[in-house]
Amino acid sequence: VPSSGVALSTNFKIMAENWVAEDLPLSYVFYYSWYYQDPVDATPIGSPMNSPFVDTILPEGNITVRVDVASGTGATTASLASVLVVPDRSINILSISKSIDQNILRGDVEGANVLLSAATASVDSTVLDEHRQAFLTQIEAVADNSIQTPDVLNQLSSAVRNVLIGVRRVGS
């Protein structure tokens, strides 16, 4: 909710309501991608959680949002939805960079990664060329995080992948 919005400014509440199972608790993992193929190609929105919803921003494009729901014994199912996200032509790279910095300083690496991924995917090619170094600096800040958990490394990988997708878009 909503089914459409503006990149980097619309707050999307992705919900997986009404899932039931006898073997609780249920856990939820949310993802987004520009197309749905293999879950490996999707960008996670946070870590597995017990909450059936997540609030996030998304990059521009015809986005597929997916939630994987797992029961206490590991039985899983998935659900998909499409979201149209239009570009925000007034993107302010400096304010996004400051928000990423603030998330990193608070220890919110997931929040920094969501902002970084969405911003990298949403900026047009001219802005990407001009500000690629600023994004790479942010990725290095995530990489330098002193707590190197699998989640942090996964988020770093997602951030790098999204920068490379943006670079490929510039070259095409």
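Since the model is a prediction, treat every value here as computed from it, not as a measurement.

Thresholds, definitions, all that
- Residues numbered from 1 in each chain as written.
- Predicted model: local features only at pLDDT ≥ 70, side-chain atom pairs only at ≥ 80, totals over all residues.
- Heavy atoms only, no water.
- Salt bridge = Lys/Arg side-chain N within 4 Å of Asp/Glu carboxyl O.
- Buried < 20%, exposed > 50% of the residue type's maximum accessible area, 1.4 Å probe, protein only.
- Pairing = 2+ DSSP bridges.
- Helix = DSSP H or I, 4+ residues; strand = E, 2+ residues; numbered from the N terminus.
- Phe/Tyr/Trp six-rings, centres within 6.5 Å; stacked < 30°, edge-to-face > 60°.
- Lys NZ or Arg CZ within 6 Å of the ring centre and 35° of its normal.

Draft legend 1. Spotlight on the pattern of salt bridges. According to the stated counting rule, one finds one salt bridge in the structure shown. For R66, the salt bridge goes to D68, with nearest N and O atoms at 2.9 Å. On the accessibility criterion, R66 (2% relative accessible area) is buried.

Draft legend 2. Quick look at the sheet that holds strand 4 (residues 43-44). Reading across the sheet, the five strands line up as 1-7-6-3-4 and stay open at both edges, with mixed pairing between neighbours. The open sheet has two edge strands, strand 1 (4-6) and strand 4, and neither has a second partner. As defined by bridge partners, strand 3 (residues 27-33) adjoins strand 6 (residues 61-70) across seven bridges and the pair is classed as antiparallel. If you follow V29 over to strand 6, its bridge partner there is D68.

Draft legend 3. Expanded view of the packing of aromatic side chains. Taken as a whole and assessed by the stated rule, the structure comprises one aromatic pair. When the ring of Y32 is compared with that of W34, the centres are 5.9 Å apart and the planes differ by 75°; the resulting orientation is edge-to-face. By relative accessible area, Y32 is classed as buried at 3%. The ring of F53 is capped by K13, whose NZ or CZ atom sits 4.3 Å from the centre of that ring. Note that R66 overlies the ring of Y31, its terminal NZ or CZ placed 4.0 Å from the centroid.

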